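# Descriptive structure summary
For reference, the chains in residue letters:
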Amino acid sequence: MLANLGLFCLILTAVISSCGAAVGLYSLSQSKQIAVLAVLSRSFSNIVFLFAGLSLLLLSYAFATDDFSLSYVSDNSNSALALPFKIAATWGGHQGSMLFWVAIIAGWAVLVSRKNNSVSDFHASWLMLVLVSIFSWFTLLASNPFTMNEVLPLEGRDLNPMLQDIGLIIHPPLLYVGYVGFASVLALTCGYLIEAKAEGELFERLTRHTLLAWVFLSAGIILGAGWAYYELGWGGWWFWDPVENASLLPWLTATALVHSVIASRKQGQLKLWTFSLAIVTFCLSILGTFIVRSGVLTSVHAFAVDPSKGLTLLGILSLVFISAYVLLINRAASIKSNTISGFSSKNTFILWALNLFVLATAIVLLGTFYPMLYQLFGLGNISVGAPYFNLLFAPLTIIALTAMALSPLLKWQAKSGDFPRKLASITVSVSGFLSLVFIHYYTNQDSEVAATWSTYAFITTWVATWLIVTHVLRCLRVRKKEYRYKIYLVSIAHIGVALLAFGASMNSYYSYELTAKLGPKSSVQFGDYNINYQQTELYVAPNFTAEQAVIEITDNSGNSLIARPEKRHYPVRVMNMTEPSLTPYWNGDVYITLGEKLDPQHYAVRIQFKAFIRWIGMGGLLVVFAGIGLLVRGVLVKQFNPRSKRAITRRYQT
């Protein structure tokens, strides 16, 4: 009964959002009734969010109560599954994730509709309803999570063991909120382009919505990288998997958008860049959905292999992209941007950064889809892996870090000759010396595990150190109190990127591993660590059984820690899973995985040292923290700054 109610709520979501979209289309020919239609559009947004959220809650309740009459529940859950994972299984499969997508986009539609101070705001509101309508009808007709089983099963097939992790509870919601959040940026952009008379608070709103969606997307990607690191058992944090690339593509253009919209808001520049990136970013989010659900690319965490769903999503992507860009091209002549003066100004460096991000996006896009196109044209099979991406991304990363290191030394609209050559020379020299000493010391310290000099690691460390030095100096030299916290937060974000790049380069060149036959009372020397296998313990969980190794890790100082890697067996899915152990040190993790059982007592144990892996996570967390800080600062400034309350907004025209 409740499942039928959930289906009914989904139908109402599709129908009401379609009515809201029709109201918006009607407004294009009835401009005199905009004020009334705007109120109606806001009401539609609230009602659609109510029904979409209720539909999602009812599906979650079906999982929580083991309602196996729904085929989606029986395919992705089991009565022995822990309650948090039952609820998370709501978005753990294809149909539920699409319903989750609809609910989130409806929530963003409410956020967009809250402010209707101008005609362009109203257009943005009903455009969001158009998107809700498109995806709700797609979910209802092609990916309905409320389809009933013809025969009632007594038990479910269980959730994929790989997804039975806290990462499923947090990672997909963060990622989806980020993905869908750029729909609001697209709607605000197109709403302005439809009206194209006055900007008002457009770029203020674009900044807030872009930053909010970017923070969620960044947090989702970082958590996903961590999940892959400790769950898959391979010891890596980024594999250039097609689905990983699907989230990276909109993140690259969104990061470019964050910078371009700031230039548009502060200096009135790069407006075409801002509008173009707003369109492309959400289209890349749809493209990511296409990658995951079409089956055209193979991935360890793709949801579906139904080409018909993929073609439908590709059609939606084409419709959104073509419509938005035709509108942008049509209005391009009316978009006036200020020119950038001065080669050594911060504006110029932002323009360079935008080009770098676009180039990086093109590299990822080509590497991800080239194998598919190669096969599609009957040329055979070809794979594009990490060597391609690493080879092309390494120089781009160094160039980007260099630009970021120089940015605190530059001024907005600086003139020729304003560049502080002396300060730049001193900071880059000191940073180079410190990096040289550090790499030399670290290489000699780990010489027994074949650590050698790496030019790339040295250059990355050099530029990352230079970035940190220049940003710390900028924070120390800030004078105006009203800009202090903003400069602090931006500096934290850039320093986070530096730490991430440093950790990634060191992890790539100074990680090492060993495979050994180990059993109770056996040990092996691994670099600076003694690995002592003490015993094997067995235990039974509600939905799996496990063999757990108890391993003592002792470093050169005599400090000991206990690691507990596992091998699990899930009887319902008839799957075996490896759960590695992670033992942290300041310069990396000792990462232990149980391999094949060689005899009743011994395993093939894979021991890896993942150098500076936690510095990557630390850098990512700093970036997210800075983004949250900027959002909070923007809200507080708008709330308590008297000038913001006198902001001029254009009312509805009659």
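For the structure, see preceding data.
Remember, it's a predicted structure, so these values are computed and weren't measured experimentally. (Residues numbered from 1 in each chain as written. Predicted model: local features only at pLDDT ≥ 70, side-chain atom pairs only at ≥ 80, totals over all residues. Heavy atoms only, no water.)

## Overview of the overall build of the chain
A count of helical and extended segments in the chain gives 18 helices and 10 strands. The C-alpha radius of gyration computed for the chain amounts to 27 Å, which stays within 12% of the reference 26 Å derived for 654 residues, consistent with globular compactness. Projected onto its principal axes, the C-alpha positions of the chain cover 85 × 80 × 55 Å. Considering the chain as a whole, with its 654 residues, one finds that 54% of them fall into the buried category. Here the chain has roughly 28,700 Å² of accessible surface; of this, 65% comes from carbon and sulfur atoms. If the 45 positive side-chain charges of the chain are averaged to one point and the 31 negative ones to another, these points end up 21 Å apart. (Helix = DSSP H or I, 4+ residues; strand = E, 2+ residues; numbered from the N terminus. Rg over C-alpha atoms; globule rule 2.2 N^0.38 Å. Buried < 20%, exposed > 50% of the residue type's maximum accessible area, 1.4 Å probe, protein only. Areas by Shrake-Rupley, 256 points an atom, 1.4 Å probe, with all protein chains shown as cover. Lys, Arg positive; Asp, Glu negative; His and termini not counted. Charge placed at Lys NZ, Arg CZ, Asp CG, Glu CD.)

## Points about the packing of aromatic side chains
The description of two aromatic rings rests on the distance between their centres and on the angle between their planes. Applying the stated criterion across every chain, the model contains 35 aromatic pairs. A ring pair is formed by Tyr229 and Tyr591, whose centres lie 5.1 Å apart and whose planes are at 45°; its orientation type is tilted. Of this pair, Tyr229 sits in helix α8 (residues 202–231) while Tyr591 sits in strand β9 (residues 588–597), and the two are 362 residues apart along the sequence. As far as the burial class goes, Tyr229 and Tyr591 line up, both buried. Taking 5.3 Å as the distance between ring centres and 75° as the angle between the ring planes, the aromatic pair formed by Phe502 and Phe612 counts as edge-to-face. Here the residue Phe502 occupies a position in helix α16 (residues 481–510), and Phe612 occupies one in the loop between β10 (603–611) and α17 (613–640), the gap between them amounting to 110 residues. Per residue, the accessibility class of Phe502 equals that of Phe612, and both read buried. Of the aromatic side chains, those joined through ring pairs into one cluster are Phe438, Tyr442, Phe502, Tyr510, Trp586, Phe612 and Trp615. (Phe/Tyr/Trp six-rings, centres within 6.5 Å; stacked < 30°, edge-to-face > 60°.)

## Here we look at the state of the cysteines
What the rule picks out here adds up to zero disulfides. We note that Cys19 lacks a disulfide partner, and the nearest cysteine sulfur, in Cys9, lies 16 Å from it. (Disulfide = S-S within 2.5 Å.)

## A word on the environment of Phe393
Relative to the assigned elements, Phe393 resides in helix α13 (residues 386–406). Non-local contacts of Phe393, meaning those with residues more than four positions away in its chain, are made with Trp240, Leu252, Ala360, Ile363 and Val364. (Contact = heavy atoms within 4.5 Å.)

## Let's talk about the packing of helix α5 (residues 94–113) against α8
As a packed pair, α5 and α8 sit with axes 12 Å apart at the nearest point and diverge in direction by 155°. By the angle between their axes, α5 is roughly antiparallel relative to α8. As for the relative orientation of α5 and α8, their crossing is right-handed in sense. Packed against α5, whose contacting residues are Trp108, Leu111 and Val112, the element α8 presents Arg205, His209, Leu212 and Ala213 at the interface. Residue classes in the contact of α5 with α8 are distributed as five nonpolar, one polar and one charged. (Axes fitted to C-alpha atoms, helices over the stretch in contact; angles between N-to-C directions. Parallel < 35°, antiparallel > 145°, perpendicular 65-115°, else oblique. Left-handed = near helix turned anticlockwise from the far one by under 90°. Nonpolar A, V, L, I, M, F, W, Y, C, P; charged D, E, K, R; others polar.)

## Brief notes about the pattern of salt bridges
This structure, assessed with the given rule, holds 11 salt bridges. Between Arg606 and Glu513 there is a salt bridge; the shortest N-O distance is 3.1 Å. In this pair, Arg606 is assigned in strand β10 and Glu513 in strand β1 (residues 512–518), connecting sequence segments 93 residues apart. Judged by its relative accessible area of 28%, Arg606 falls in the partly exposed class. Judged by its relative accessible area of 45%, Glu513 is partly exposed. Here Asp589 ties to Arg614 by a salt bridge, and the two come within 2.7 Å at their closest N and O atoms. A residue pair is termed long-range when its members are at least 10 positions apart, and Asp589 in strand β9 and Arg614 in helix α17 qualify at 25 residues. Owing to a relative accessible area of 0%, Asp589 belongs among the buried residues under this scheme. Taking relative accessible area as the criterion, Arg614 reaches 40% and is therefore assigned partly exposed. Sharing partners across several salt bridges, the network here consists of Glu566, Arg568 and Glu579. (Salt bridge = Lys/Arg side-chain N within 4 Å of Asp/Glu carboxyl O.)

## What about the sheet that holds β10?
With antiparallel pairing, the four strands of this open sheet are ordered in space as β1-β10-β9-β8. Each end of this open sheet is capped by a strand with a single partner; those strands are β1 and β8 (581–585). Going across the sheet, the axis of each strand differs from the next one's by a mean of 20°, ignoring polarity. The sheet contact formed by β1 and β10 spans seven bridges and is antiparallel. Looking across to β10, one finds that Leu514 is bridged to Ile607. (Pairing = 2+ DSSP bridges.)

## Some thoughts on the packing of α5 against helix α6 (residues 119–142)
When two helices pack together, their arrangement is given by the angle between their axes and by how far apart the axes lie. At a closest axis distance of 9 Å, the pairing of α5 and α6 adopts a crossing angle of 170°. If you check the angle between α5 and α6, you find them roughly antiparallel. Each of Gln95, Met98, Leu99, Trp101, Val102, Ile105, Ala106, Trp108, Ala109, Val112 and Ser113 in α5 lies in contact with α6, whose residues at this interface are Ala124, Ser125, Met128, Leu131, Val132, Phe135, Ser136, Phe138 and Thr139. Here the contact of α5 with α6 is composed, by residue class, of 15 nonpolar, five polar and no charged.

## Details of the nonpolar core
Core analysis: the largest hydrophobic core is formed by 128 residues, its most contacted members being Ile105, Met128, Phe135, Phe275 and Phe282. Considering each element in turn, this core owes the most residues, 17 residues, to helix α7 (residues 166–195). With residues near it in sequence (within four places) discarded, Phe282 still touches Trp101, Leu131, Phe135, Tyr179, Val180, Phe182, Ala183, Leu186 and Val320. Counting 48 residues, the second-largest nonpolar core is a separate cluster that includes Leu410, Ala457, Ile495 and Tyr529. (Core = buried A, V, L, I, M, F, W, Y, C linked by side-chain atoms within 4.5 Å.)

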